[in-house]
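Given next are the chains, with one letter for each unit.
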Amino acid sequence: MPPKRTLRIAIEGCCHGMLDDIYSQLAIRQQQTGQKIDLLIICGDFQAIRNITDLKCMSCPDKYKQVGGFYRYYTGERQAPILTMFVGGNHEAGNHMRELYYGGWVAPKIFYMGGSSVVRFGGLRIGGISGIFKDFDFAKGYYEQPPFRGSSRSSMHHVRSFEVFKMLQTRTPLDIVISHDWPRRIERFGDTAKLLSKKPFFKDEINKSELGSPANALLVERLRPKWWFSAHLHVRFTANVGSLETVYDKGWNGVPPYNTIEKPEPIDAAKMLNTNTSTSNKVTSRTGAGTNKDEIAIDSASDSELSDTQSANTTRLSLNLPPPKHSNIAVTEELLNLESEHEEEKHDAVVQQQSEPEENIPSFAENPSADELAKETANVLAEEPTFSDPRVPGRSTRFLALDKCLPRRQFMEVVDVEVDGDYDSIVPHLQLEYDPEWLAILRLCQQYMPLDEAPFFPPENAVFTEDTSPIPLFPDAHFNQELEWVNRNVFADGPVFIPPNFVRMAPTPPPGTPDSAHFGLASRDYGPSNRGNRGRGGRAGGGRGRGGYGRGESRNDSQPWDGPLPYFLYPNPQTDDFCRMLGLQNILPRRRT
């Protein structure tokens with residue numbers, strides 16, 4: 001049996017733009033231990049701020065806004081000393097993150113995992129999901145449009161059910177999952193009393209089972225990775241979920257708001273089309289001569305494909321969408337003629353049978369035997385959908401949450417993660433790689449991506465599992481079709497590294513701009529008694545609270561932005577290249593307002 005390799009991974013809680021401090025602390029720890037760290041994972045609130053427009057789009061009170069030090073890594077003035085990857089939190093430059101929805105490099109050696117994704121590193125499969133849970137936005141699509149005013153600046157950081165749906169489609173085991181929000185009820189698998197001694201105001205949420213994200217709890221229940229890392233609540237906490245323990249037993253329809261909303265009933269196509277309900281008439285009205293060949297039949301379209309403005313009284317409805325990916329039947333005029341001939345043959349056979357003597361009619365004894373019926377039943381059962389399970393029997397999930405980067409806080413920890421197999425013989429260098437299974441999931445789900453505020457419902461060809469926590473899954477047969485395409489067209493020559501194709505797109509402040517600069521967006525009192533704003537959980541005199549800022553500032557920080565205002569969105573070549581590789585279209589809004 002090949003020896004197991006151990007990777008040393010540093011985990012950081014909330015970043016809040018303090019990359020310099022984090023990298024300095026990482027260097028100190030490597031020097032103290034004499035051991036090289038292979039990867040840095042940051043669990044959200046990264047704040048990849050490039051300019052004043054990014055700062056405007058960041059969701060937090062204006063008085064706490066400052067540019068931070070990320071822009072120096074974006075321009076190349078500084079280089080990340082270690083490969084870094086992160087998920088988004090609830091205090092991010094939402095416009096910048098939207099440019100890299102599928103994931104990508106925000107700077108050389110700093111990788112954003114997108115809305116959700118799975119990548120590979122040194123033999124590990126690492127999944128990530130960005131944002132925090134808010135039930136009033138969870139079921140919605142990606143409706144936000146530039147210039148991202150008002151509530152859209154915060155709603156962009158609210159995780160959507162579509163991302164959870166994609167993550168649920170995972171088929172094989174994950175080693176690590178990263179989120180910003182904690183999974184709901186995870187505190188019950190650790191030292192809850194110790195947690196409450198540090199954060200007593202969590203008591204009500206814990207008693208009501210409302211602390212953390214139910215969506216992430218659903219993912220823990222389905223995925224059961226070796227490790228799950230989170231941040232957000234600004235406290236270190238550990239837990240261990242045994243392989244037979246239940247984190248969340250309510251399933252997809254138990255996650256708010258799906259526990260209060262119902263999927264619309266299927267539309268009666270016969271009534272809408274005002275046609276005769278006979279089989280031949282219905283087929284002719286849907287697919288006969290003169291019908292748009294790209295039109296999707298109403299009774300086969302998923303509810304998520306129907307526009308809110310379409311009325312049930314409409315007599316004819318053309319969606320003008322491509323046919324479903326897994327539909328292998330093309331209804332043509334030739335096929336209709338064959339059906340018509342077949343109907344005539346059946347009619348002639350019935351007439352002939354009625355005219356035959358009674359003795360020629362088969363007796364009951366000549367009906368299919370019990371063995372034949374059993375064989376037919378077995379064939380039907382063999383065609384029932386199957387669903388691969390990513391959980392490893394007997395494996396528990398270790399949970400670690402960390403604080404934000406401040407003195408005397410537990411914001412960083414180094415963990416050793418074992419890699420199964422002799423991975424060095426396959427890939428000699430530690431680099432991020434694409435994950436074939438995730439790329440197949442993207443191809444499978446892309447056509448269902450919601451772009452408005454209407455609730456997203458799993459498509460009709462996703463089947464709810466029959467277990468204690470039902471979830472919607474595409475059958476393995478559908479998934480394997482896309483996986484075969486990915487293996488043939490992307491991975492034909494073996495593992496595929498994520499290319500280092502970072503491109504600087506947006507303008508940045510001039511060199512020497514202090515981290516605390518806010519370009520006049522914040523109104524602060526710089527008197528000596530007010531140096532350092534108090535945030536939630538923070539301390540006056542330089543402390544930062546939950547999402548707050550309070551480092552030493554000066555009046556120079558309010559100097560206005562010099563030059564034309566940057567766009568809210570920049571088309572990113574990384575996203576274009578990624579979609580082109582998978583044969584997908586980037587359908588998110590790209591208007592550069």
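The sections below set out a description of the structure shown in this document. The shown structure was predicted, so the numbers you read here are calculated from the model rather than taken from an experiment.

1. Brief notes about the packing of aromatic side chains
Here a ring pair, both rings aromatic, is described through the centre-centre distance and the interplanar angle of the planes.
Stage number 1. The final tally for this structure, using the stated rule, is 28 aromatic pairs.
Stage number 2. Ring centres 5.7 Å apart and planes at 35° place the aromatic pair Tyr 102 and Phe 578 in the tilted group. In this pair, Tyr 102 sits in the loop between α4 (94–99) and β4 (104–107) while Phe 578 sits in helix α17 (residues 573–582), placing the two residues 476 residues apart along the sequence.
Stage number 3. With a centroid separation of 5.2 Å and an interplanar angle of 55°, the aromatic rings of Phe 133 and Phe 138 are classed as tilted.

2. Considering the nonpolar core
Stage number 1. Ranked by internal contacts, the top residues of the largest apolar core, which has 127 residues, are Ile 9, Phe 46, Ile 110, Ile 126, Val 164 and Ile 176.
Stage number 2. At seven residues, helix α15 (residues 436–445) tops the list of elements feeding residues into this core.
Stage number 3. One finds Cys 60, Val 67, Ala 93 and Ala 517 within the second-largest nonpolar core, a separate group that totals twelve residues.

3. Side note on the sheet that holds strand β9 (residues 227–230)
Stage number 1. The seven strands are arranged β10-β11-β9-β8-β7-β6-β13 in an open sheet whose pairing can be described as mixed. Because the sheet does not close on itself, it has two edges, and the strands there are β10 (237–241) and β13 (432–434). Direction aside, neighbouring strands of the sheet carry axes that sit 25° apart on average.
Stage number 2. Across four bridges, β9 lies against strand β11 (residues 397–401) in parallel orientation. Looking across to β11, one finds that Ser 230 is bridged to Ala 401.
Stage number 3. Strands in contact with helix α10 (residues 214–223) are β7 (124–129), β8 (176–179) and β9; relative to β9, the strand with the most contacts, it is inclined by about 165°.

4. A short note on the sheet that holds strand β2 (residues 39–42)
Stage number 1. An order of β4-β5-β3-β2-β1-β12 is seen for the six strands of this open sheet, with the pairing classed as mixed. Edge strands, defined here as strands with exactly one partner in the open sheet, are β4 and β12 (412–419). Taken over all neighbouring pairs, the strand axes of this sheet differ in orientation by 30° on average, direction set aside.
Stage number 2. Relative to strand β5 (residues 110–112), strand β3 (residues 84–86) runs parallel, the two sharing three bridges. Bridging from a neighbouring strand, Thr 84 pairs with Ile 110 of β5.

5. Some words on the pattern of salt bridges
Stage number 1. Scanning the model with the defined rule gives 26 salt bridges in all.
Stage number 2. Residue Asp 476 pairs with Arg 171 through a salt bridge whose shortest N-O separation is 3.0 Å. With Asp 476 in helix α16 (residues 476–489) and Arg 171 in the loop between α7 (161–168) and β8, this pair connects stretches of sequence that are 305 residues apart. Here Asp 476 and Arg 171 have matching classes, each one buried.
Stage number 3. Each member of the salt-bridge network shares a partner with another, and the members are Arg 120, Arg 125, Asp 435 and Glu 437.

6. Focus: the packing of α7 against α10
Stage number 1. Where α7 contacts α10, the two axes come as close as 10 Å, and the packing angle between them is 5°. When the interaxial angle is binned, α7 and α10 end up roughly parallel. Taken together, the residues of α10 that come into contact with α7 (itself represented by Val 164, Met 167 and Leu 168) are Ala 215, Leu 218, Leu 219, Arg 222 and Leu 223.

7. As for the environment of Ala 10
Stage number 1. Mapping Ala 10 onto the fold places it in strand β1 (residues 5–12).
Stage number 2. Between the alpha carbons of Ala 10 and Ile 37 there is a distance of 6.8 Å; along the sequence they are 27 residues apart.
Stage number 3. If we skip the residues at most four places from it in the chain, Ala 10 touches Leu 26, Ile 37, Leu 39, Leu 40, Ile 41, Glu 413 and Val 414.

8. Considerations on the packing of α7 against α15
Stage number 1. Interaxial distance between α7 and α15 falls to 9 Å at its minimum, and their mutual angle equals 130°. Taken together, the axes of α7 and α15 lie oblique to each other. The way α7 lies across α15 gives a crossing that is right-handed. Contacts between α7 and α15 involve Phe 162, Phe 165, Lys 166 and Met 167 from the former and Trp 438, Ile 441, Leu 442 and Cys 445 from the latter.

9. A short note on α16
Stage number 1. For α16, built from 14 residues, the straight-helix expectation of 20 Å at 1.5 Å per residue is met to within 8% by its first-to-last C-alpha distance of 20 Å.
Stage number 2. Taken together, the buried positions of α16 are occupied by Asp 476, His 478, Phe 479, Glu 482 and Val 486. Buried positions in α16, seen along its axis, are confined to an arc of 160° and lie on one side of it.
Stage number 3. Tucked inside the fold, the buried residues of α16 contact α15.

10. Structural notes on the side chain of Thr 465
Stage number 1. Note that Thr 465 resides in the loop between β14 (463–464) and β15 (472–473).
Stage number 2. Classification of Thr 465 by relative accessible area gives buried; the value is 12%.
Stage number 3. At a separation of 3.3 Å, a polar atom in the side chain of Thr 465 contacts the side chain of Asp 467.
Stage number 4. Not counting chain neighbours up to four residues away, the residues in contact with Thr 465 comprise Phe 387, Pro 470, Ile 471 and Leu 473.

11. Observations concerning the pairing of β7
Stage number 1. Within β7, six of the six residues are buried, leaving the element largely enclosed by the surrounding structure.
Stage number 2. Residues Leu 124, Ile 126 and Gly 128 of β7 are buried on one face, and the alternating residues Arg 125, Gly 127 and Ile 129, pointing to the opposite face, are buried as well.
Stage number 3. Taking the residues between adjacent antiparallel strands as the criterion, strand β6 (residues 116–121) and β7 are bridged by two residues, where Gly 122 takes a positive phi near 55°.
Stage number 4. Bridge count for β7 against β8 is four bridges, and the pairing is parallel. Bridge pairing in β8 places Ile 129 opposite Ser 179.

12. Digging into α17
Stage number 1. When we look at burial in α17, the residues that qualify are Gln 574, Thr 575, Phe 578, Cys 579 and Leu 582. Taken down its axis, α17 places every buried residue within 125° of arc, on the same side.
Stage number 2. Here the buried face of α17 lies against α4, β4, β13, α15 and α16.
Stage number 3. Where α17 begins, the side chain of Asn 572 points an oxygen toward the backbone nitrogen of Gln 574, at a separation of 2.9 Å.

13. Considerations on unusual backbone geometry
Stage number 1. Pro 146 connects to Pro 147 through a cis peptide bond whose omega is 15°.
Stage number 2. One can find Pro 147 in the loop between α5 (135–138) and α6 (152–155).
Stage number 3. The linkage connecting Pro 256 with the following residue, Pro 257, adopts the cis geometry, with an omega of 5°.
Stage number 4. Looking at the secondary structure, you find Pro 257 in the loop between β10 and α11 (269–273).
Stage number 5. Positive phi, normally seen in glycine, also occurs at His 232, with a value near 75°.
Stage number 6. Here His 232 shows up in the loop between β9 and β10.
Stage number 7. His 232 gets classed as buried once you look at its relative accessible area, which sits at 6%.
Stage number 8. Even without being a glycine, Phe 519 presents a positive backbone phi close to 55°.
Stage number 9. Along the chain, Phe 519 falls in the loop between α16 and α17.
Stage number 10. On the basis of relative accessibility, which here comes to 10%, the residue Phe 519 falls in the buried class.

The rules behind these values
- Sequence order as written defines the numbering, with residues in each chain counted from 1.
- Totals for whole chains, interfaces and linings use all residues, but because this is a predicted model, local features are given only for residues with pLDDT of at least 70 and pairs of side-chain atoms are given and counted only at 80 or more.
- Computation of side-chain values covers all heavy atoms of the structure but excludes hydrogens and water.
- Only Phe, Tyr and Trp rings take part, Trp by its six-membered ring, and two of them pair if their centres are within 6.5 Å. Stacked means planes under 30 degrees apart, edge-to-face means over 60, and tilted covers everything else.
- Numbering of helices and strands starts at the N terminus; helices are DSSP runs of H or I of at least 4 residues and strands are runs of E of at least 2.
- Here, nonpolar core means buried Ala, Val, Leu, Ile, Met, Phe, Trp, Tyr and Cys residues that are tied together by side-chain atoms lying within 4.5 Å of each other.
- Relative accessibility thresholds used throughout: buried, under 20% of the residue-type maximum; exposed, over 50%; partly exposed, between the two (1.4 Å probe, protein chains only).
- The rule for pairing is simple: two strands pair if DSSP sees at least two bridges between them.
- Note on geometry: axes are C-alpha line fits, over the in-contact stretch for helices, and angles between N-to-C directions span 0 to 180 degrees.
- Working rule for contacts: check all heavy atoms of both residues, and any pair within 4.5 Å makes them a contact.
- By salt bridge we mean one thing: a side-chain nitrogen of Lys or Arg within 4 Å of a carboxyl oxygen of Asp or Glu.
- Our angle categories are set so that under 35 degrees counts as roughly parallel, over 145 as roughly antiparallel, 65 to 115 as roughly perpendicular, and the remainder as oblique.
- In this scheme the handedness of a crossing depends on how the near helix is turned from the far one: anticlockwise by less than a right angle means left-handed, clockwise means right-handed.
- Any helix carries an expected span of 1.5 Å times its number of residues minus one.
- To obtain the arc, one takes the directions from the helix axis to the C-beta atoms.
- Identification of polar contacts relies on pairs of N or O atoms within 3.5 Å, with a donor-acceptor requirement for protein atoms, meaning one able to donate a hydrogen and the other able to accept it, and with residues adjacent in sequence counted only if both atoms are side-chain atoms.

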